[in-house]
Amino acid sequence: MAAPARQAAKQALDKNSLLYKFKKWCYNKSYFRELGLRRDDIIMEGVHAPAVKEALRRIPKEELDARNFRIMRAQQHSMMKTVLPKEEWTQYEDDVSYLQPHIDEVIREWEEKKQWDSA
């Protein structure tokens, strides 16, 4: 069962695959990239609010400052109904996840703590 999952993961990394091209097309159609935001910048503190807050506490200060700058700049452009110059748009290849791994780690820690507490 794990072998097909590994094959699918490898296929997703292949830049000639249809899945990669579709993901890139969807990414390029999104509005947040025109404002200079990254995917993790738009994670809302809704469903996993405590986990997101804890993950934001754990990321390096420089990354948090950069995130806050991108969000404030995006709010300013959104309010003015403008977008960044095309050279400053976030590119699909440059958008690496910086917050989601921390969120996943926090949730795993909480689930493990819950298992230890119930045992």
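Rules of the game
- Residues numbered from 1 in each chain as written.
- Predicted model: local features only at pLDDT ≥ 70, side-chain atom pairs only at ≥ 80, totals over all residues.
- Heavy atoms only, no water.
- Core = buried A, V, L, I, M, F, W, Y, C linked by side-chain atoms within 4.5 Å.
- Buried < 20%, exposed > 50% of the residue type's maximum accessible area, 1.4 Å probe, protein only.
- Helix = DSSP H or I, 4+ residues; strand = E, 2+ residues; numbered from the N terminus.
- Contact = heavy atoms within 4.5 Å.
- Phe/Tyr/Trp six-rings, centres within 6.5 Å; stacked < 30°, edge-to-face > 60°.

Student: Residue-level account of the nonpolar core, with values.
Tutor: Ala 51, Val 52, Ala 55, Leu 56, Ile 59, Tyr 98, Leu 99, Ile 103 and Val 106 form the largest nonpolar core, which has 9 residues in total. Contributions of two or more residues to this core are made by helix H3 (49–58) and helix H5 (100–118). When residues in this core are grouped by element, the largest group, 4 residues, is from H3. In contact with Tyr 98, not counting residues within four places along its chain, are Arg 38, Asp 40, Asp 41, Ile 59, Glu 63, Arg 67 and Arg 70. Formed by 7 residues, the second largest nonpolar core is a distinct cluster that contains Tyr 27, Leu 37, Ala 74 and Tyr 92.

Student: Lay out the packing of aromatic side chains in plain terms, naming residues and giving numbers.
Tutor: A complete count under the given rule lists 4 aromatic pairs for this structure. Summarising the aromatic geometry, the rings of Tyr 27 and Phe 32 are spaced 5.5 Å apart at their centres and angled 85° between planes, so their arrangement reads as edge-to-face. The same class applies to Tyr 27 as to Phe 32, namely buried. On the numbers, 5.2 Å between centres and 70° between planes, the contact of Tyr 27 with Tyr 92 is edge-to-face. Here Tyr 27, found in helix H2 (residues 18–29), pairs with Tyr 92, found in the loop between helix H4 (61–79) and H5; they are 65 residues apart in sequence, far enough to count as distant. Assessed through its relative accessible area of 5%, Tyr 27 is described here as buried. A relative accessible area of 14% places Tyr 92 in the buried class.

As far as function goes, none of this settles anything; it's purely spatial.
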